[in-house]
Amino acid sequence: MGDRTTEADALVIFGVTGDLARRMIFPALYRMAMRGMLNVPVVGVASSALSTAELCRRVTEGIEQADGKTIESRALEHLLSRLRYVSGSYNDAHTFKAIKAALGDAHRPAYYLAIPPALFATVIKSLGASNLADRARVIVEKPFGRDLSSARELNRVALSVFPEDSIFRIDHYLGKEAIMNILYFRFANSFLEPIWNRNYVSSVQITLAEDFGVKGRGAFYESAGCLRDVIQNHLFQIVALLAMEPPAYQGYGAVHSEKAKVFHAMRPLQPGNMIRGQYGGYRNEPGVAKDSDVETFCALRLSIDSWRWEGVPWYLRSGKCLAATVGEVLVTLKPPPQRLFDDSRPVEGRTNYLRFRLSPNSAVALAARVKRAGKEFIGDQRELYLLDERPGEEAPYERLLGDAMAGNGALFTREDAVEAAWAVVDPVLSMPPPAYPYKPGSWGPKEADALVAADGFWHNPGLMKASA
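First, a word on scope: everything that follows refers to the structure included in this document.

Conventions used here
Residues numbered from 1 in each chain as written. Predicted model: local features only at pLDDT ≥ 70, side-chain atom pairs only at ≥ 80, totals over all residues. Heavy atoms only, no water. Patch = residues over 30% accessible without salt bridge, like charges linked within 9 Å, V, L, I, M, F, W, Y side chains within 5 Å. Areas by Shrake-Rupley, 256 points an atom, 1.4 Å probe, with all protein chains shown as cover. Salt bridge = Lys/Arg side-chain N within 4 Å of Asp/Glu carboxyl O. Buried < 20%, exposed > 50% of the residue type's maximum accessible area, 1.4 Å probe, protein only. Core = buried A, V, L, I, M, F, W, Y, C linked by side-chain atoms within 4.5 Å. Helix = DSSP H or I, 4+ residues; strand = E, 2+ residues; numbered from the N terminus. Expected span 1.5 Å × (residues − 1). Arc of directions from axis to C-beta. Bend = angle between axes of the 7 residues up to and from the residue. Phe/Tyr/Trp six-rings, centres within 6.5 Å; stacked < 30°, edge-to-face > 60°. Disulfide = S-S within 2.5 Å. Polar contact = N/O pair within 3.5 Å; in protein donor to acceptor, adjacent residues only side chain to side chain. Axes fitted to C-alpha atoms, helices over the stretch in contact; angles between N-to-C directions. Parallel < 35°, antiparallel > 145°, perpendicular 65-115°, else oblique. Left-handed = near helix turned anticlockwise from the far one by under 90°. Contact = heavy atoms within 4.5 Å. Nonpolar A, V, L, I, M, F, W, Y, C, P; charged D, E, K, R; others polar.

What follows deals with a nonpolar patch on the surface. On the surface, a cluster of nonpolar side chains totalling about 280 Å² of accessible area is made up of Phe191, Leu384 and Leu386. Leu386 sits in the partly exposed class, given a relative accessible area of 38%.

Glancing now at the nonpolar core. If you look at the biggest cluster of nonpolar residues, it comprises 149 residues, and the most contacted ones within it are Phe14, Tyr112, Phe236 and Trp314. Broken down by element, this core gets its largest block of residues, 13 residues, from helix 8 (residues 218–243).

The next subject is helix 7 (residues 177–188). Under the 1.5 Å per step criterion, the end-to-end length of helix 7 is 16 Å for twelve residues, consistent within 8% with the ideal 16 Å. Inspection of helix 7 places Ala178, Ile179, Asn181, Ile182, Phe185 and Arg186 among the buried residues, and these make up the whole buried set. Buried residues of helix 7 fall within an arc of 155 degrees about the axis and therefore sit on the same side.

Enumeration over the complete set of coordinates arrives at 20 salt bridges. As a salt-bridge pair, Arg308 and Glu245 come within 2.8 Å of each other at their nearest N and O atoms. One end of the pair, Arg308, is in the loop between strand 9 (297–302) and strand 10 (314–319); the other, Glu245, is in the loop between helix 8 and helix 9 (252–265), with 63 residues separating them in the sequence. With a relative accessible area of 8%, Arg308 lands in the buried category. As a salt-bridge pair, Arg355 and Glu383 come within 2.7 Å of each other at their nearest N and O atoms. In this pair, Arg355 is assigned in strand 12 (residues 353–359) and Glu383 in strand 14 (residues 379–388), connecting sequence segments 28 residues apart. When sorted by exposure, Arg355 lands in the same class as Glu383, which is buried.

So, on to helix 1 (residues 19–34). With 16 residues, helix 1 extends 22 Å from end C-alpha to end C-alpha; this agrees with the ideal 22 Å at 1.5 Å per step. Of all the bends in helix 1, the greatest reaches close to 35 degrees and is centred on Ile25; the proline Pro27 follows between one and four positions later. Three or more residues of helix 1 are buried, namely Leu20, Ala21, Ile25, Phe26, Pro27, Ala28, Leu29, Tyr30, Met32 and Ala33. A positive backbone phi angle near 75 degrees is found at Gly36, which sits one or two residues after helix 1.

Cis peptide bonds are those with omega within 30 degrees of zero, and the linkage from Ser359 to Pro360 qualifies with 5 degrees. Looking at the secondary structure, you find Pro360 in the loop between strand 12 and strand 13 (363–371). For Lys215, which is not glycine, the phi dihedral falls at a positive 50 degrees. You can see Lys215 is positioned in the loop between strand 7 (201–209) and helix 8. A relative accessible area of 62% places Lys215 in the exposed class.

Here the structure, examined in full by the defined rule, presents 14 aromatic pairs. When the centroid spacing of 5.1 Å and the interplanar angle of 90 degrees are considered together, the rings of Phe168 and Phe412 count as edge-to-face. Of this pair, Phe168 sits in strand 6 (residues 167–170) while Phe412 sits in the loop between helix 10 (396–406) and helix 11 (415–429), and the two are 244 residues apart along the sequence. Take Phe168 and Phe412: they sit in the same class, and that class is buried. Ring geometry for Tyr315 and Trp458: centres 6.0 Å apart, planes at 75 degrees, overall edge-to-face.

What follows concerns the state of the cysteines. If you walk through the whole model with that rule in mind, you get zero disulfides. There is no disulfide at Cys226, and the cysteine sulfur nearest it, in Cys298, is 5.6 Å away. In this structure Cys226 comes out as buried when scored by relative accessible area, which is 0%.

Attention now moves to the side chain of His459. By secondary structure assignment, the location of His459 is in the segment after helix 12 (447–452). A residue is classified by how much of its surface remains accessible, and His459, at 4% relative accessible area, is buried. Here Glu328 takes part through its side chain, which lies 2.5 Å from a polar atom of the side chain of His459.

Further remarks concern the packing of helix 9 against helix 11. Running from amino to carboxyl end, helix 9 crosses helix 11 at an angle of 20 degrees, the nearest separation of the two axes being 8 Å. Between helix 9 and helix 11, the angle falls in the class roughly parallel. Classified by chirality, the crossing of helix 11 by helix 9 is left-handed. Within the contact between the two elements, helix 9 uses Ala260, Phe263 and His264 and helix 11 uses Asp416, Ala417, Ala420, Ala421 and Val424.

Looking at where Thr95 falls in the secondary structure, it is placed in helix 4 (residues 93–103). We classify Thr95 as buried; its relative accessible area is 3%. Contacts of Thr95, omitting those with residues within four sequence positions, involve Val45, Val86, Gly88 and Ser89.

Further remarks concern the packing of helix 6 (residues 148–161) against helix 11. Running from amino to carboxyl end, helix 6 crosses helix 11 at an angle of 165 degrees, the nearest separation of the two axes being 9 Å. The angle between helix 6 and helix 11 falls in the class roughly antiparallel. Classified by chirality, the crossing of helix 11 by helix 6 is left-handed. Facing helix 6, whose interface residues are Leu148, Ala151, Arg152, Asn155 and Leu159, helix 11 presents Glu415, Val418, Glu419, Trp422, Ala423 and Asp426. Split into classes, the residues belonging to the contact of helix 6 with helix 11 amount to six nonpolar, one polar and four charged.

Here it is, written out as structure tokens:
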């Protein structure tokens, strides 16, 4: 059985020569070394025939690309001194014998599967067959399956080798400071709870936009699409943090349970509640089919059938080649019940709202109306900034990797939540509506405006009229 309370004494990275390792994992390990948090052997595994010296060169290059000229030589040397390399096939028992030898005296390793999802089951089964899973942990990169059926099969395989509390399903978005602050802000403040329900909240919008395309990863995107790549995991996790009930006790198990209840309460999607889009020029990307119907933009109207949220629409939107790279949540409140002032129920613009800026910077803002000077009872909506980003924050992969090594599962996803989230989108995966074209640099296809028309218009982050 795994031991979630004990620090892992080694890290094994499958796919150590891949893009994810170079861009994210190596810089995270370097920053951990800078903080004095990396004191275990790091074993890289891949099929390439590399020497340890060649691996060290790749690691150094990845860190240089991420951190530029600010590299601290002592931290880099500390990381490189801990590296070991095993070359071999993931189907070959000899590879796992070599991993066991490279681990030496380590008995509580953490296995990071930075490999294509098609290989997850192969590696997990091989770890079990080689007796390398006892007291160990496995860290699995998203996506956790392609639909409900494949997610269930992946969970079945993982649970046949590792106990649930030793499986760390990593979604880097959960490691962002701004995402963690949603949970903290909701339950550390008493003023929010009385209005955080269907009686006062009119609608919720979540936008996660990127102003760039697939960046040469067309083949991957052809197999995923925006709904699978971003909305079913990143945006659903944000919804869960915003919509969950207060946890019954202090502990990540309680948080996981409440989040899972939100996914179970989500009404399964129907084609009429989803708009798909594809930016002009996507079909010219390398690896993309000339007649591709894969969506690079997706917008949803989501319903949560619970006592707290009955009747409140949740609008989710994400896409590539949009007008900005930004992430934001807008919780719009209902107007005052009686129109005492002519401008208290604006025809255009917004009523009071709470705004969570998720990226590129982190902030929380509350909008309220303030009277103008003079005899007339008219005013303006102003924003009060409650939090702004602070320097020195841990990067998401650094935080999540450190938590997995320590056995802290707070920021990871649980089996039941993964399957419940897939159950929501499963009805539209096999027969999705058509993807509408949209112009790069826009906010997506105009057809998405109709989705939100009953509650006004989309909030385009950065274009809010209220004064800060």
